[in-house]
Amino acid sequence: MSRRDFNLRIKKLVSDIFQAEGLEISFGRILEEWEEPLGPTPFPSITDLRRWDHILLERYKPFYMPFCDLCCLCTMGKCDLTSGKRGACGIDMPAQQSRIVLLAACIGAATHAAHARHLLEYLVSKYGRDHPIDLGGNIYVEAPIIRLVCGIKPRILGDLEDALSYVEEQIISLLAATHTGQEDSWIDFESKVFHAGMLDHVALEIADLAQIVALGYPKGDPEAPLVEIGLAAIDQSKPVILVVGHNVPSAASIVDYLVRNRMYGAVEVAGICCTAHDVSRYNPMAKIVGPLSWQLRFVRSGLPDVVVVDEQCIRADILLEAARVKAPVIATSIEKCMGLPDATSEPIDSIVEKLVSGSMPGILFLDPDRVGELAVKTALKIFPYRQKIRSLPSDEDLKTLASKCRGCRFCERACPNNLPIAEAINAASKGDFNALAYLYEICIGCGKCEETCPQRIPVHSVIIQGARKIWRNERFKIRVGRGPIQDVEIRNVGRPIVFGEIPGVIAFVGCSNYYNGGREIVEIAEEFLKRNYIVVASGCAAMTLAMAKDDEGRSLYEKYTGTFDAGGLVNVGSCISNSHIAGAAIKIAAIFAKRNLRANYEEIADYILNRVGAVGIAWGAMSQKAAAIAAGFWRLGVPVIVGPHGAKYRRLLLGRRDDENSWYVYDARTGDRVYSGPAPEHLFVAAESKEEAIVMIAKLCMRPNDTSKGRAIKLSHYIDLSKKYLGCLPDDLHLYVRKEADIPLTLKSEVLEFLKSKGWSEKPIPDPTLLPRLVRKR
Amino acid sequence: MSTYRFPEPWATAEIPGPRKAAIIPRPESLVAILRRANRRLLVAGSKALDRIEGVDTVELIRLLHSTKLFTIVASRNTAYRLEEVGIPTVASISVYELGDRLRDSSWTGFDGVGGYDLVGFIGFPYITLWLVLSGLKHFAPKISTISLDPYYHPHAYWSLPNVKGSEWYSFIKKVADSFGVM
Ligand code: SF4
Ligand code: SF4
Ligand code: SF4
């Protein structure tokens with residue numbers, strides 16, 4: 001029985017017996033009434049939004065690029081699926097690819113759901129089920145995703161449990177659909193991918209909301225404090241505790257212990273990846289080393305005295321790497337036990353002895369509240385013994401190591417970015433480290449080069465040491481994650497966004513698997529900040545945006561305001577804070593346009609797709625979580641652009657601008673089918689270059705609903721950026737001009753001439769929707 | 001380099017499966033392949049403006065253009081620069097969008113006349129071309145794809161092997177020469 005069926009049956013029972021209207025029971029809980037009526041899809045089952053998914057997927061068809069010709073998921077395989085062959089179970093390649101995409105999305109959604117579960121259980125045990133969800137006087141729509149998907153309005157921490165149980169149950173069903181002999185159609189696999197993405201967003205919102213209200217993070221504060229980020233921001237004269245991962249309780253416990261014992265300032269707490277974001281939201285004295293790709297270089301620098309890991313995106317060899325620099329590891333999550341003995345019930349002092357003496361390289365310790373004491377005591381005690389540890393090779397060592405290179409280039413063939421390593425190593429053998437410094441800027445710190453080197457040259461360490469002049473000065477400022485967007489901000493920008501006068505909202509999200517270095521996203525972001533787009537950021541991408549300075553030594557966060565407004569740069573926080581980016585799009589529909597939000601997914605997604613010019617950029621996306629986050633945005637009608645490595649997600653969702661039929665919408669006023677132009681053209685696309693991405697972003701911000709004034713502004717950027725980066729007028733310009741009034745005034749004659757060459761004629765501007773039920777005229 | 005002339009992917013781990021590209025052993029073989037085709041498309045990638053293996057890739061594209069065999073398209077960041085140096089392109093298009101059109105058997109090409117039976121690729125990041133060629137191998141089985149980069153691409157129908165820059169240059173030069181290019 002689906003949850004919705006259950007919901008409806010009880011509704012009838014309730015009205016029969018109690019004659020109480022407007023009350024509904026779901027899962028034995030009362031769905032409380034508030035000012036909004038309940039929409040059509042509370043707690044949607046896998047198929048409840050299938051119709052919407054199919055509408056999207058008919059327009060944005062997957063282009064599959066299989067990673068492997070085979071399927072090896074059951075013992076009837078391996079099966080060769082090339083050239084239209086089917087496997088022993090009957091599955092074909094498109095279904096197999098979408099099945100793998102679904103598996104990835106399930107892994108991602110499950111990871112966020114488990115993260116939310118750990119966090120929520122911990123916070124409920126510490127602060128109580130009744131701890132209020134109060135985001136302050138400026139945020140009334142506290143949980144836009146949960147309201148939209150589940151139809152509930154959480155008031156206390158305990159209310160989040162209902163939404164989370166729903167997410168967990170649905171993920172199990174989705175995973176079941178990937179079993180041999182279950183789902184067999186690509187379009188339904190893809191619909192399920194969208195469902196996983198939507199669930200993922202619910203989990204994100206639960207997790208971030210819980211930690212914001214319980215741990216006292218900034219509540220949508222545009223002036224959240226600036227904190228330090230970069231290797232040079234870490235004070236080497238003090239003991240250093242490195243926290244890595246995503247789930248904050250252990251890191252927060254370290255901060256608490258230091259504060260309680262008046263030791264803050266005597267010990268450095270430095271974070272990598274999202275735990276770093278969240279610990280700096282908890283206490284802005286914490287420092288951020290950098291994104292996830294900084295793990296190897298920071299551990300190898302020998303600076304961390306203790307490494308505390310929680311969950312997600314932590315290197316599988318971190319214990320090995322930390323042991324090399326004699327830094328003990330404290331594992332704190334059931335998700336990552338690392339083969340270590342469980343010492344949770346042992347006295348702290350005896351564990352400290354074992355870690356400091358080196359008799360144990362690390363331990364599993366599953367009591368977040370006592371991790372602080374353990375980590376700090378260990379760091380203080382081991383610090384004096386670790387002073388002489390220098391893990392990176394010296395200049396002389398560097399030359400000697402480099403001279404062992406025989407130029408085989410196996411390192412380059414293993415390097416995901418195909419970097420010219422051999423040439424740089426050869427130069428280093430002669431004492432010239434400049435080429436190594438170039439590699440440093442683009443290297444993603446994966447270490448694959450070393451694994452393959454027949455001469456056992458520690459290539460990554462050589463690169464890092466060769467670039468020490470750069471990283472010894474890497475010290476920047478980042479604004480800590482502010483969390484949600486305020487309702488009043490939405491009120492201010494809703495109208496200009498929906499009418500197109502603020503040309504777009506651009507979200508830089510995801511990991512740091514960049515093909516060409518992180519500098520590219522700084523350039524992309526600044527191009528749009530200067531043009532008064534709203535730029536938001538989260539996760540590793542938000543960190544990368546901080547890691548460059550202008551001529552006056554300022555990072556983007558120091559140059560641009562943290563307000564959700566034209567020309568603002570908003571760091572929402574960690575990966576789970578992506579919920580506030582989706583939440584902002586939803587709130588535009590709800591607060592500005594006054595659309596019913598509650599359990600009204602399809603209508604809100606249709607609104608966003610057709611009216612809210614938002615685009616996600618996941619330039620270095622690598623994880624399954626990133627896949628799930630992206631999928632949540634697709635279902636919500638927000639297109640996502642990935643960088644070159646992102647194409648390895650195995651398929652893109654591409655529109656065909658040359659297929660006129662794809663781009664008809666209903667005019668909600670008349671019911672007529674009206675050509676709306678390819679806006680947005682794609683739902684998921686990889687860009688081959690920074691230049692292409694920049695122009696693509698401007699294009700994907702256009703929406704059928706843009707007023708002529710708004711479209712003219714958007715077109716002026718699209719044209720200008722196309723000329724600047726691609727050297728020409730966009731060749732599809734005629735598809736985006738509906739009326740002469742859409743043409744930017746300063747470009748009128750040039751554009752008109754182009755339109756003439758294309759046989760262009762004026763078209764109506766619809767009140768656009770893809771849902772026939774939203775047509776008002778009957 | 002130990003892998004020259006062997007069908008081994010340049011990126012060591014990019015092993016596809018049972019059907020792998022045939023190596024084009026000699027320039028004459030490529031000449032024969034090109035002569036057999038009716039509608040040939042040459043796609044210049046996002047790295048086509050760079051030196052690849054020490055070779056000026058634009059120079060190789062110019063040689064291929066001079067054969068007058070190809071309709072040329074290029075990645076977005078590349079097309080206008082080719083135009084600037086006198087290599088005309090019929091479209092500037094993302095290689096993924098192009099792949100999406102090529103796998104559509106009803107697509108009538110850039111001139112509206114019909115699809116292409118041979119598509120050559122040059123000037124790409126290895127990972128990008130590897131993926132697009134995979135998409136085409138599976139979903140555009142009637143198209144002969146050729147990797148003209150100096151790296152073996154297993155998902156192509158035909159591919160050059162992993163070769164040194166100098167060998168790459170002379171290979172393409174010989175092909176161009178056989179079509180009477182001076
Ligand atoms: S799941 Fe199907 S295609 Fe995959 S190995 Fe088993 S029989 Fe073959
Ligand atoms: S560590 Fe850097 S240089 Fe080495 S393979 Fe990875 S990206 Fe390439
Ligand atoms: S793999 Fe090792 S020996 Fe070979 S080129 Fe790279 S660094 Fe030199």
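Worth saying up front: this structure is predicted, and the values here are computed from it rather than measured.

Engineer: It is not clear to me how the environment of Asn162(B) should be interpreted in this structure. Could you clarify?
Structural biologist: Residue placement: Asn162(B) occurs in the loop between β9 (158–159) and α6 (165–178). From its side chain, Asn162(B) meets the backbone oxygen of Glu8(B) in a polar contact 2.9 Å long.

Engineer: Would you mind going over the site of ligand 3 with me for this structure?
Structural biologist: Around ligand 3, the structure places Cys405(A), Arg406(A), Gly407(A), Cys408(A), Arg409(A), Cys411(A), Ala422(A), Cys453(A), Pro454(A), Gln455(A), Ile457(A) and Val459(A). In terms of residue class, the shell around ligand 3 is made up of eight nonpolar, two polar and two charged.

Engineer: Just to check I follow, could you spell out the interface of chain A and chain B for this structure?
Structural biologist: Reports of interface size often rely on the accessible area that becomes lost once the parts have come together. With 48 residues of chain A at the contact, the number on the chain B side is 46 residues. Taken together, the two surfaces of chain A and chain B that pack against each other cover about 3,800 Å², and 53% of this comes from carbon and sulfur. When the buried surface of chain A facing chain B is broken down by residue, Phe63(A), Arg413(A) and Glu688(A) rank first, second and third, together holding 23% of it. Scanning the region where chain A abuts chain B turns up seven salt bridges. Between Glu8(B) and Arg413(A) there is a salt bridge; the shortest N-O distance is 2.9 Å. Counting the contacts that link chain A with chain B gives 17 residue pairs in polar contact (both at pLDDT 80 or more). Where the side of chain A that touches chain B is concerned, the elements lending two or more residues are β3 (61–64), α3 (93–127), α14 (410–414), β19 (651–654), α27 (690–700) and α28 (708–726) of chain A. For the side of chain A that touches chain B, the class distribution of residues is 24 nonpolar, eight polar and 16 charged.

Engineer: I'm lost on the domain arrangement of chain A in this one. Help?
Structural biologist: All names here are of chain A. As far as domains go, chain A holds domain 1 (1–30), domain 2 (32–209), domain 3 (226–386), domain 4 (395–471) and domain 5 (477–773). Centre-to-centre, using C-alpha coordinates, domain 3 lies 28 Å away from domain 4. At the junction of the two partners, domain 3 supplies eight residues and domain 4 supplies 11 residues. Of the roughly 800 Å² buried between domain 3 and domain 4, counting both surfaces, carbon and sulfur atoms make up 47%. The largest share of the area that domain 3 buries against domain 4 comes from Leu231, Arg297 and Arg300, three residues that together contribute 59% of it. On inspection of domain 3 and its partner domain 4, the count reaches one salt bridge. Note that Glu450 and Arg300 form a salt bridge whose closest N and O atoms lie 2.6 Å from each other. Applying the counting criterion to the domain 3 and domain 4 interface returns six residue pairs in polar contact (both at pLDDT 80 or more). Here the side of domain 3 that touches domain 4 is composed, by residue class, of four nonpolar, one polar and three charged.

Engineer: What is the right way to read unusual backbone geometry from this model?
Structural biologist: What you tend to see is this: most non-glycine residues have negative phi, and most peptide bonds are trans. Residues and elements named next belong to chain A. Omega for the peptide link from Gly77 to Lys78 comes to 5 degrees, which places this bond in the cis form. Tracing the backbone shows Lys78 in the loop between β4 (70–71) and β5 (79–80). Residue Ala679 is joined to Pro680 through a cis peptide bond whose omega torsion reads -10 degrees. Positionally, Pro680 belongs in the loop between β21 (673–675) and β22 (684–686). Positive phi values are uncommon outside glycine, yet Met338 reaches one of about 60 degrees. Locating Met338 in the fold gives a position in the loop between β11 (329–331) and α11 (348–357). Owing to a relative accessible area of 24%, Met338 belongs among the partly exposed residues under this scheme.

Engineer: It is not clear to me how the sheet that holds strand β20 (residues 664–667) of chain A should be interpreted in this structure. Could you clarify?
Structural biologist: Picture the strands of a sheet paired through backbone hydrogen bonds; they go either parallel or antiparallel. Residue and element names in this part refer to chain A. Pairing within the open sheet is antiparallel, and its three strands lie in the order β21-β20-β23. The outermost strands of the open sheet, each flanked by one partner alone, are β21 and β23 (768–769). As paired elements, β20 and β21 share three bridges and run antiparallel to each other. In the strand pairing of β21, Val665 is matched with Val674.

Conventions used here
Residues numbered from 1 in each chain as written. Chains lettered and ligands numbered in written order. Predicted model: local features only at pLDDT ≥ 70, side-chain atom pairs only at ≥ 80, totals over all residues. Heavy atoms only, no water. Helix = DSSP H or I, 4+ residues; strand = E, 2+ residues; numbered from the N terminus. Polar contact = N/O pair within 3.5 Å; in protein donor to acceptor, adjacent residues only side chain to side chain. Near = heavy atom within 4 Å. Nonpolar A, V, L, I, M, F, W, Y, C, P; charged D, E, K, R; others polar. Contact = heavy atoms within 4.5 Å. Buried area = accessible area lost by both parts, 1.4 Å probe. Salt bridge = Lys/Arg side-chain N within 4 Å of Asp/Glu carboxyl O. Domains from an automatic or database assignment. Buried < 20%, exposed > 50% of the residue type's maximum accessible area, 1.4 Å probe, protein only. Pairing = 2+ DSSP bridges.

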